[in-house]
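The primary structure of each chain is shown beneath.
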Amino acid sequence: MCNHGNEAVAEILAAAAEHVRGFFSALTIELTFHLGCVRLCRALDSAGAPVSFPTARPATARGFSFIQLVDPTLAVRRGDRPVGNDVDGFDGDVVFVTGANQGGKTTFLRSVGLAQVMLRAGMFVAGDDYEAPAHSGVFTHFRRPADATMRHGGSTTSSSA
């Protein structure tokens, strides 16, 4: 009889230990995310890039607005503050961005896309202000992948004379 009681206690303790291990495993993942946020915030601050907490509109709302929104990857990679963009009161569903080659279209779209992802993750954004609905996706179209060296954007084509 004593062995049966010990087995029940051992099973309960093993289950409790597994729950505690699972808790600490999940805590490790959460803390890693938050530590990454702190490191990114410090890197943006060192680069002089703006940082603020976004305002999430209801998911059914339309449009977005922002002040001095920058691409955080560009700011960290360059080590200085990139030129920011402002959009005031856009209230549509679709955005078409056009302009000359190497005019900043890809960087602009990357800054908006990353701000949307950061908003959804509950993070700060790299801008003085950002207000948008918490959409479930950001959809883009590029003819070819962006240049990993960040020398040119995704839709730039090269030619030789």
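Residues numbered from 1 in each chain as written. Predicted model: local features only at pLDDT ≥ 70, side-chain atom pairs only at ≥ 80, totals over all residues. Heavy atoms only, no water.

Caption draft 1: The arrangement of the pattern of salt bridges in detail. The full count for this structure, using the stated rule, is five salt bridges. Two residues, arginine 57 and glutamate 131, come together in a salt bridge whose shortest N-O distance is 3.1 Å. Taken together, the residues span a long stretch of sequence, with arginine 57 in strand 1 (residues 55-57) and glutamate 131 in strand 4 (residues 129-133) at a distance of 74 residues. Arginine 110 is the partner of aspartate 71 in a salt bridge, and the nearest nitrogen-oxygen pair spans 2.5 Å. You can see aspartate 71 sitting in the loop between strand 2 (64-69) and helix 2 (72-78) and its partner arginine 110 sitting in helix 3 (residues 105-120), a full 39 residues away along the chain. (Salt bridge = Lys/Arg side-chain N within 4 Å of Asp/Glu carboxyl O. Helix = DSSP H or I, 4+ residues; strand = E, 2+ residues; numbered from the N terminus.)

Caption draft 2: Here's a closer look at the packing of aromatic side chains. Evaluation of the coordinates by the stated rule reveals four aromatic pairs. Residues phenylalanine 64 and phenylalanine 66 carry aromatic rings whose centres are separated by 5.6 Å and whose planes lie at 10° to one another, so their mutual orientation is stacked. Measuring from centroid to centroid gives 6.1 Å for phenylalanine 66 and tyrosine 130, while their planes differ by 25°, and the two rings are stacked. Here phenylalanine 66, found in strand 2, pairs with tyrosine 130, found in strand 4; they are 64 residues apart in sequence, far enough to count as distant. With respect to burial, phenylalanine 66 and tyrosine 130 carry one shared label: buried. Among the aromatic residues, ring-to-ring pairing joins Phe64, Phe66, Phe108 and Tyr130 into one connected group. (Phe/Tyr/Trp six-rings, centres within 6.5 Å; stacked < 30°, edge-to-face > 60°. Buried < 20%, exposed > 50% of the residue type's maximum accessible area, 1.4 Å probe, protein only.)

Caption draft 3: Fine view of the pairing of strand 2. Bridge count for strand 2 against strand 3 (residues 85-90) is three bridges, and the pairing is antiparallel. Counterpart to phenylalanine 66 in the pairing with strand 3 is valine 87. Where strand 2 lies against strand 4, three bridges are found, and the strand directions are antiparallel. Paired with phenylalanine 66 across the bridge in strand 4 is tyrosine 130. (Pairing = 2+ DSSP bridges.)

Caption draft 4: Representation of the environment of phenylalanine 124 in the model. Following the sequence through the fold, phenylalanine 124 ends up in the loop between helix 3 and strand 4. Each C-alpha atom of the pair phenylalanine 124 and cysteine 37 lies 8.4 Å from the other, and the pair is 87 residues apart in sequence.

Caption draft 5: Main features of the sheet that holds strand 1. Spatially, four strands are ordered 1-4-2-3 in an open sheet, and the strand pairing comes out mixed. In the strand order of this sheet, the two ends are held by strand 1 and strand 3, each with one partner. On average, each strand axis in the sheet is inclined to that of its neighbour by 20°, with strand direction left out of account. (Axes fitted to C-alpha atoms, helices over the stretch in contact; angles between N-to-C directions.)

Caption draft 6: Representation of helix 3 within the structure. With 16 residues, helix 3 should reach 22 Å at 1.5 Å per residue; the first-to-last C-alpha distance of 23 Å fits that figure. Residues Lys105, Thr106, Phe108, Ser111, Val112, Gly113, Ala115, Gln116, Met118 and Leu119 constitute the buried set of helix 3. Within two residues after helix 3, glycine 122 carries a phi angle of roughly 80°, on the positive side. (Expected span 1.5 Å × (residues − 1).)

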